[in-house]
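# Remarks on the overall topology
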Amino acid sequence: MKHPLRLTACLLLAACFLPFVSHGEEKYELKYGAQRTEKRDDEAMRRFRDHRVGAFIHWGLYSMAGGEWKGKIYPGAAEWLKAWAKVPSDEWLAQMDRWNPTGFDAREWARMMKAAGFRYVKITTKHHEGFCLWPSATTPYTVANTPCGRDLLGELVKAFNDEGLDVHFYFSVMDWSNPDYRTQLNCREDSTAFERFKRFTEAQLRELATRYPSVKDFWFDGTWDASVKGNGAWTLQLENMLKDLVPGVTVNSRLRADERGSRHFDSNGRLMGDYESGYERRLPDPVRDLQVTLRDWEACMTVPENQWGYHKDWSLSYVKPPVEVLRRVVHAVSMGGNMAVNFGPDGTGRFRQEEKELADWLGNWMRHNGEAIYGCGYAGFEKADWGYYTRKGDTVYMIVFNQPFGARLRVKTPAGTAVRGASLIDGTPVGFMETARDEYNVNTVESSEPYVIRLTVDAGSAEGKYRDALT
């Protein structure tokens with residue numbers, strides 16, 4: 001054999017992908033597991049996929065406290081302050097009497113997110129605390145019963161839509177304000193209470209879907225307790241209800257459980273929901289986790305390492321600089337995923353200066369280089385020390401974060417893939433040369449920030465190449 005090492009690599013790659021592309025006999029007969037064996041690929045799903053980068057906004061009563069309760073600062077995630085400080089629900093929800101975000105301007109939020117280069121925004125309609133940003137008829141714990149009294153969610157939906165941004169709804173199933181919620185169902189009383197809770201949750205979701213029909217996605221959280229995992233039929237029912245009410249809507253994998261209690265992936269290893277949402281403040285490894293390139297997925301990240309909601313003291317966490325935030329966005333896209341970057345406005349409805357500066361920096365980079373992000377995905381090239389590849393058709397983008405001491409960027413292409421041209425985004429040619437079979441050197445570019453080189457290569461999808469290799 002002329003290339004034994006390449007053959008070995010292909011066999012190892014096939015072993016890595018095989019569980020995710022095999023369509024043989026299933027181990028379990030599941031009624032409530034995955035409802036499809038392939039990627040969802042309708043127009044709405046392609047829109048979700050092509051957007052690639054969005055914002056996450058955590059806003060609720062916890063934004064007023066900012067990580068502090070009765071004079072004590074808690075270093076944990078601010079949206080969990082009720083749990084850290086062991087605050088009774090009635091005392092926590094009494095903060096509603098002071099909820100009046102005088103600095104809130106939905107149009108200003110929308111303009112900021114649009115200028116940052118985001119294509120969609122996920123909004124926390126209700127977090128674990130149970131406070132609703134819309135005037136729900138299902139509970140007294142809503143904006144309707146605050147000094148503000150406005151439908152803040154409705155204002156945000158309209159403002160974002162007016163700016164051309166898709167709106168996604170975060171929704172916590174776990175609800176600390178509802179006495180019928182149970183973490184486990186240990187007795188008949190627990191089961192009876194949880195049945196009431198299921199009807200309550202269904203009613204809230206029905207409200208959201210019917211009041212705001214332009215919603216594009218439901219992102220579920222708080223579904224890890226045994227009570228939810230033991231109700232796989234109900235989780236599928238909720239997904240189907242939302243898709244009936246809002247044609248084309250996407251639903252994340254966090255909602256779903258099968259009849260054996262498996263989450264995200266059913267007991268046969270099939271993805272439930274429309275995309276995987278298991279990557280929170282972490283990213284798949286570009287060598288060990290290549291299986292993610294065969295499915296849709298989305299990561300989400302905080303800017304301070306451990307804060308989603310507003311916290312007064314960012315010095316308690318490592319704060320990612322803008323270039324690191326961008327690196328994680330690019331990392332996700334390079335592996336065929338989306339990234340939602342989190343922002344946590346305070347109780348007045350204002351963003352902190354660091355978040356505004358981050359949005360400005362990202363927006364400036366995306367205005368010049370967004371071509372390498374939007375509509376792009378996995379390129380199928382070998383991992384590069386200097387940065388990442390993304391791909392759109394027969395165009396591969398080199399996104400350079402680590403400028404080498406030498407003046408060359410090594411590019412190792414998949415077998416039989418030839419580089420035909422190289423240029424900057426503005427069309428300025430960049431020198432390159434073939435140095436070995438399926439290997440090239442591309443000239444570096446002087447730049448004070450991450451930059452993009454556009455390669456023209458032989459057509460053919462990266463995913464298709466790997467699927468073909470297995471057959």
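In what follows, the structure referred to is the one given above.
Everything in this summary refers to the structure shown in the same document. Throughout, residues of each chain are indexed from 1 in the direction in which the sequence is written. With pLDDT at 70 or above as the cut-off, local features in this predicted model cover only qualifying residues; side-chain atom pairs require 80 or more to be listed or tallied, and sums for whole chains, interfaces and linings still use all residues. The basis for the side-chain values is all heavy atoms of the structure; hydrogens and waters are excluded.

## Regarding the sheet that holds strand E4 (residues 120-126)
- When DSSP finds two or more bridges between a pair of strands, those strands are recorded as paired. A run of H or I in DSSP counts as a helix once it spans at least four residues, and a run of E counts as a strand once it spans at least two, with each numbered from the N terminus. Ordered in space as E7-E6-E5-E4-E1-E10-E9-E8, the eight strands form an open sheet in which the pairing is parallel. Two strands close off the open sheet at either side, each with one partner strand: strand E7 (250-251) and strand E8 (276-280).
- Note: E4 against strand E5 (residues 166-172), six bridges, orientation parallel. When the sheet's bridge partners are listed, Lys126 is paired in E5 with Phe171.
- Throughout, a contact is declared for two residues whenever any of their heavy atoms are within 4.5 Å. Each axis is a line fitted through C-alpha atoms, and for a helix only the stretch in contact is used; angles between axes span 0 to 180 degrees, taken between their N-to-C directions. On the sheet, helix H6 (residues 106-115) packs against strand E1 (53-57), E4 and strand E10 (338-343) and is oriented at approximately 145° with respect to E1.

## Quick word on empty space enclosed by the protein
- Of the grid points, spaced at 1 Å and generated over the protein atoms alone, those admitting a 1.4 Å probe that cannot get out make up cavities, while open sets with protein on both sides within 12 Å along at least five of seven lines make up pockets; any residue with an atom within 4 Å of a point is treated as lining. Grid points are joined across faces, edges and corners, and a volume is the space filled by probe spheres set on the points. Per the counting criterion, the structure on display carries three cavities of 30 Å³ or more.
- Size it by volume and the largest cavity reaches roughly 50 Å³.
- Residue lining of the largest cavity: Val303, Pro304, Gln307, Trp308, Gly309, Tyr310, His311, Trp314, Asn342, Gly344, Arg352 and Glu355, and that is the complete set.
- Note that Gly is not counted as nonpolar here; it falls among the polar residues with everything else outside the nonpolar set of Ala, Val, Leu, Ile, Met, Phe, Trp, Tyr, Cys and Pro and the charged set of Asp, Glu, Lys and Arg. Class assignment of the residues belonging to the lining of the largest cavity gives a composition of five nonpolar, five polar and two charged.

## Some thoughts on the side chain of Thr139
- With respect to the secondary-structure elements, Thr139 resides in the loop between E4 and helix H7 (152-162).
- Contacts of Thr139, omitting those with residues within four sequence positions, involve Cys132, Phe200 and Gln204.

## Some remarks on the nonpolar core
- Grouping buried Ala, Val, Leu, Ile, Met, Phe, Trp, Tyr and Cys residues that are joined through side-chain atoms within 4.5 Å yields what is termed a nonpolar core. Three exposure classes are used, based on accessible area relative to the maximum for each residue type with a 1.4 Å probe and protein chains only: buried under 20%, partly exposed in between, and exposed over 50%. Within the largest apolar cluster, 101 residues are counted, with the highest numbers of intra-cluster contacts made by Trp99, Met113, Phe160, Phe218, Val341 and Phe343.
- If sequence neighbours within four positions are ignored, Phe160 has contacts with Ile57, Trp109, Ala110, Met113, Val121, Ile123, Leu165 and Val167.
- Among the nonpolar cores identified, the runner-up in size contains 21 residues, and Ala384, Met398, Val430 and Ile453 belong to it.

## Here's the deal with the pairing of strand E9 (residues 297-301)
- In terms of residue burial, E9 counts as a mostly covered element, since five of its five residues are buried.
- Along E9, one buried face is formed by Trp297, Ala299 and Met301 and the opposite face, lined by Glu298 and Cys300, is buried too.
- The pairing of E8 with E9 spans three bridges and is classified as parallel. Each residue of the ladder has a partner; that of Glu276, found in E9, is Trp297.
- Two elements, E9 and E10, share four bridges in a ladder whose sense is parallel. Paired with Cys300 across the two strands is Ala340, which belongs to E10.
- When the strands point away from the viewer, a crossover counts as right-handed if the route from the first strand across the helix to the second turns clockwise. Handedness of the crossover is the feature at issue here: the chain leaves E9, passes through helix H11 (residues 322-334), returns alongside E10, and the resulting connection is right-handed.

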